[in-house]
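# Results of the structural survey
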Amino acid sequence: TMNCVRSLLLLLALAPPMLAAPFTALKDGERFRYRTSWGIFSNAGEVVIEARKIDLEGKSVFRITTHIASRGFVRGVYNFDDQGELLIEAATGRVLSASDKGISGSKQLHSETNFDYERRVARHVDIARPERNREFPIPDGDPVDLISALIQTREWTLQVGERKPALVYFGRDLYPIVITADGRETLRTLQGKVSTLRLVPTMESKAPRGVFKRGGEIKVWVSETPSRQPVQMQLKLNFGTALLTLAEHTITPSTNASTAAVP
């Protein structure tokens, strides 16, 4: 379902070590558009990720927006349309807040999570379902969202078998994961054949949560070219597999100059 795709994206994207470091996963004005397939449906949906660097109360912040929507036949069966926003401190890479608003079938989506690093507490408020409101501690380390964590992998120079830890935010919780360089693979993409490094995030816990429950699996393929783009992402669950394929990548910085890149 598109809820699972949303889980993949909110559980993906920037996994540096668990120490504060400048946010470099996305550039100002950078935009990724992914085509989503689900089972036999090659045009099940679309995912757009976009970054803008802004000034917020005298602080340099990245605003990361995600738009996830079902398309074609799937939209007629299951209407999913969600707008998400992350505010990330540029100097530290810390997630300051995360919110989303939209519709999932017959359910309304509307929630926000704010992070208080002085108190080391995060507060999740679900406007659509207030019974899900909760406050939870921020463990040691500076959490990042999984979307930024997986895109950040393009800056790594990992060898096959090497691993990196991350503390990621997902939904109403924070937990540690490990991202492993699992192997190299040549993929057939929309831009042709591309040599990639395959990365696999896992939750090494006796009680896995989120998409890692019941054998769920995530994989990300990063092109081994100068642009090093995350050309494909996959979420595998016991009832199906969602595949995100990079369809378009552009950069339109604040100067209004525009450049385009391919994997």
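Residues numbered from 1 in each chain as written. Predicted model: local features only at pLDDT ≥ 70, side-chain atom pairs only at ≥ 80, totals over all residues. Heavy atoms only, no water.

In terms of helices and strands, the protein carries 3 helices and 17 strands. Considering the protein as a whole, with its 263 residues, one finds that 50% of them fall into the buried category. Element-wise, carbon and sulfur atoms account for 51% of the exposed surface of the protein, whose accessible area totals about 12,100 Å². (Helix = DSSP H or I, 4+ residues; strand = E, 2+ residues; numbered from the N terminus. Buried < 20%, exposed > 50% of the residue type's maximum accessible area, 1.4 Å probe, protein only. Areas by Shrake-Rupley, 256 points an atom, 1.4 Å probe, with all protein chains shown as cover.)

Right, let's talk about a nonpolar patch on the surface for a bit. There is a patch of nonpolar side chains on the surface, built from Ile 40, Phe 41, Phe 73 and Val 77 and spanning about 470 Å² of accessible area. As for its position among the elements, Phe 73 is in helix H2 (residues 72-77). Of the residues examined, Phe 73 reaches a relative accessible area of 59% and is grouped as exposed. (Patch = residues over 30% accessible without salt bridge, like charges linked within 9 Å, V, L, I, M, F, W, Y side chains within 5 Å. Salt bridge = Lys/Arg side-chain N within 4 Å of Asp/Glu carboxyl O.)

What follows deals with the pattern of salt bridges. Enumeration according to the criterion identifies 16 salt bridges in this entry. Asp 28 is paired through a salt bridge with Arg 52; the nearest N and O atoms lie 3.8 Å apart. Taken together, the positions of Asp 28 in the loop between strand E1 (13-14) and strand E2 (30-38) and Arg 52 in strand E3 (residues 41-56) put the pair 24 residues apart, joining distant regions of the chain. Judged by relative accessible area, which is 18%, Asp 28 ranks as buried. Using a relative accessible area of 29% as the deciding quantity, one classes Arg 52 as partly exposed. One salt bridge connects Glu 217 with Lys 219, and the closest N-O pair in it is separated by 3.9 Å. Look at Glu 217 and you get partly exposed, because its relative accessible area is 30%. Connected through salt bridges with shared partners, the residues Arg 31, Arg 33, Glu 46, Arg 71 and Glu 248 form a single ionic network.

The next point concerns the confidence of the model for the protein. Of the residues in the protein, 78% have a pLDDT of 70 or more, and the chain-wide mean is 80. The element-level mean pLDDT for the protein is lowest in E1, coming to 40, with strand E8 (residues 121-126) highest at 92. This stretch, residues 10-19, has a pLDDT under 50; its non-local contacts, to residues over four places away or in other chains, come to 62 contacts. Low pLDDT (under 50) marks residues 256-263, which in the prediction has 20 contacts with non-local residues, meaning those over four places away or in another chain. (pLDDT = per-residue confidence, 0-100. Contact = heavy atoms within 4.5 Å.)

Taken as a whole and assessed by the stated rule, the structure comprises 5 aromatic pairs. Geometrically, the ring pair formed by Phe 32 and Tyr 34 is stacked, given 6.2 Å between the ring centres and 15° between the ring planes. The exposure classification of Phe 32 matches that of Tyr 34, with both residues buried. For the ring pair Tyr 78 and Phe 80, a centre distance of 6.4 Å and an interplane angle of 25° mean the geometry is stacked. Judged by relative accessible area, Tyr 78 falls into the partly exposed class, the value being 23%. By relative accessible area, which is 0% here, Phe 80 ends up buried. Directly above the aromatic system of Tyr 117 lies the positively charged group of Arg 94, at a separation of 4.3 Å from the ring centroid. (Phe/Tyr/Trp six-rings, centres within 6.5 Å; stacked < 30°, edge-to-face > 60°. Lys NZ or Arg CZ within 6 Å of the ring centre and 35° of its normal.)

A few words on the environment of His 110. Note on placement: His 110 falls in strand E7 (residues 107-116). In this structure, His 110 is in contact with Asp 100, Lys 101, Val 125, Asp 126, Ile 127 and Ala 128, ignoring residues within four places of it in sequence.

Most of strand E6 (residues 95-104) is tucked away: 7 of the 10 residues are buried. Note that strand E5 (residues 80-89) and E6 share 9 bridges and pair antiparallel. The partner of Leu 86 across the bridge, within E6, is Ala 98. Adjacent in sequence and paired antiparallel, E5 and E6 are bridged by 5 residues, among which Gly 93 carries a positive phi angle near 75°. The pairing of E6 with E7 spans 8 bridges and is classified as antiparallel. Paired with Ser 97 across the bridge in E7 is Asn 114. (Pairing = 2+ DSSP bridges.)

Turning to the environment of Gln 83, a few remarks are in order. Relative to the elements of secondary structure, Gln 83 occurs in strand E5. Residue Gln 83 is classed as partly exposed on the basis of its relative accessible area of 43%. C-alpha of Gln 83 to C-alpha of His 110: the two residues are 27 residues apart in sequence and 9.5 Å apart in space. Sequence-distant contacts of Gln 83, defined by excluding residues within four places in its chain, comprise Thr 66, His 67, Ser 99, Asp 100 and Lys 101.

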